[in-house]
Amino acid sequence: TQTQRMKPNPSLLTQQLDYLKLPYLQQHHGELAQQSAQQHWDHVEYLRRLIEGEYTQRRQRVIERRVQAARFPVLKTLEQFRWDWPKKINRLAVQNLFRLEFLAQKANVVLLGNVGLGKTHLATALGYAACQEGYAVLFADAISVINDLAAAQKRGLLKRQLKRYLGPELLL
């Protein structure tokens, strides 16, 4: 009968969500459906919350993959930076860098200063911020890059290895 065909088949829904690779929807549709009924959400609000959860979960996985690919020595953020040392740092200029406009302009940023002033911290934090905004990032110290490219040249693989360093939108 028609009412039998209209009954939801939870295993079919699970299979379809699995096939479409929608793990958040698969794990939370039932729980959110109960909340929806209790709180009297309309269909659009229920759908919006499901999609928002899927979007957030996916975006977080993408950021995690970008951070892993960036090969940061340690994760740092701008919020962790100690502004009280050094005293001569131009805080507004540094904070402006975190708007990431230099990436769209294909401009370079050079951080200069003595040892221990926070250049690596700021560079790492800048790279992490870029990862969160969807940019491909690679962190590599200059000596490693030079040694890597010299070894690649000896093996006849320089062009291929150069792509590794030229590919990311931000090379630190």
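Please read these numbers as outputs of a predicted model, since none were measured by experiment. (Residues numbered from 1 in each chain as written. Predicted model: local features only at pLDDT ≥ 70, side-chain atom pairs only at ≥ 80, totals over all residues. Heavy atoms only, no water.)

A. Spatial organisation of the side chain of glutamine 161. Among the structural elements, glutamine 161 can be located in helix H9 (residues 158-166). Judged by relative accessible area, glutamine 161 falls into the buried class, the value being 16%. Other than its neighbours up to four places away in sequence, glutamine 161 contacts Asp148, Leu149 and Ala152. (Helix = DSSP H or I, 4+ residues; strand = E, 2+ residues; numbered from the N terminus. Buried < 20%, exposed > 50% of the residue type's maximum accessible area, 1.4 Å probe, protein only. Contact = heavy atoms within 4.5 Å.)

B. Quick peek at the layout of surface pockets. By volume, the largest pocket amounts to about 540 Å³. As for the largest pocket, its lining consists of 21 residues, of which Phe102, Ala107, Asn108, Leu170 and Leu171 are closest to the centre. Counting only elements with at least two residues in the lining of the largest pocket, the list comes to helix H6 (101-104), helix H7 (119-132), H9 and strand S2 (170-171). Top contributing element to the lining of the largest pocket by residue count: H7, with 4 residues. Class assignment for the residues of the lining of the largest pocket results in 16 nonpolar, 2 polar and 3 charged. (1 Å grid on protein atoms, 1.4 Å probe; cavity = no way out; pocket = protein on both sides within 12 Å on 5 of 7 lines; lining within 4 Å. Points joined across faces, edges and corners; volume = space filled by probe spheres on them. Nonpolar A, V, L, I, M, F, W, Y, C, P; charged D, E, K, R; others polar.)

C. Expanded view of the packing of helix H8 (residues 142-154) against H9. Viewed as axis vectors pointing N to C, H8 and H9 meet at an angle of 155°, and their least axial separation amounts to 8 Å. With respect to H9, the element H8 is oriented roughly antiparallel. Facing Ser144, Val145, Asp148, Leu149, Ala152 and Gln153 of H8, the residues of H9 in contact are Leu158, Gln161, Leu162, Arg164 and Tyr165. Tallied by class, the residues present in the contact of H8 with H9 amount to 6 nonpolar, 3 polar and 2 charged. (Axes fitted to C-alpha atoms, helices over the stretch in contact; angles between N-to-C directions. Parallel < 35°, antiparallel > 145°, perpendicular 65-115°, else oblique.)

D. A look at the packing of helix H2 (residues 10-19) against helix H3 (residues 23-39). At a minimum axis separation of 7 Å, H2 and H3 run at an interaxial angle of 150°. The pairing of H2 with H3 is recorded here as roughly antiparallel in orientation. Along the contact surface, H2 presents Leu13, Thr14, Leu17 and Asp18, while H3 presents Leu25, Gln26 and His29. Classifying every residue of the contact of H2 with H3 gives 3 nonpolar, 3 polar and 1 charged.

E. Looking closely at unusual backbone geometry. Positive phi is not limited to glycine here, since histidine 40 has a value of about 60°. Within the element layout of this structure, histidine 40 appears in the loop between H3 and helix H4 (43-70). By relative accessible area, histidine 40 is classed as exposed at 70%.

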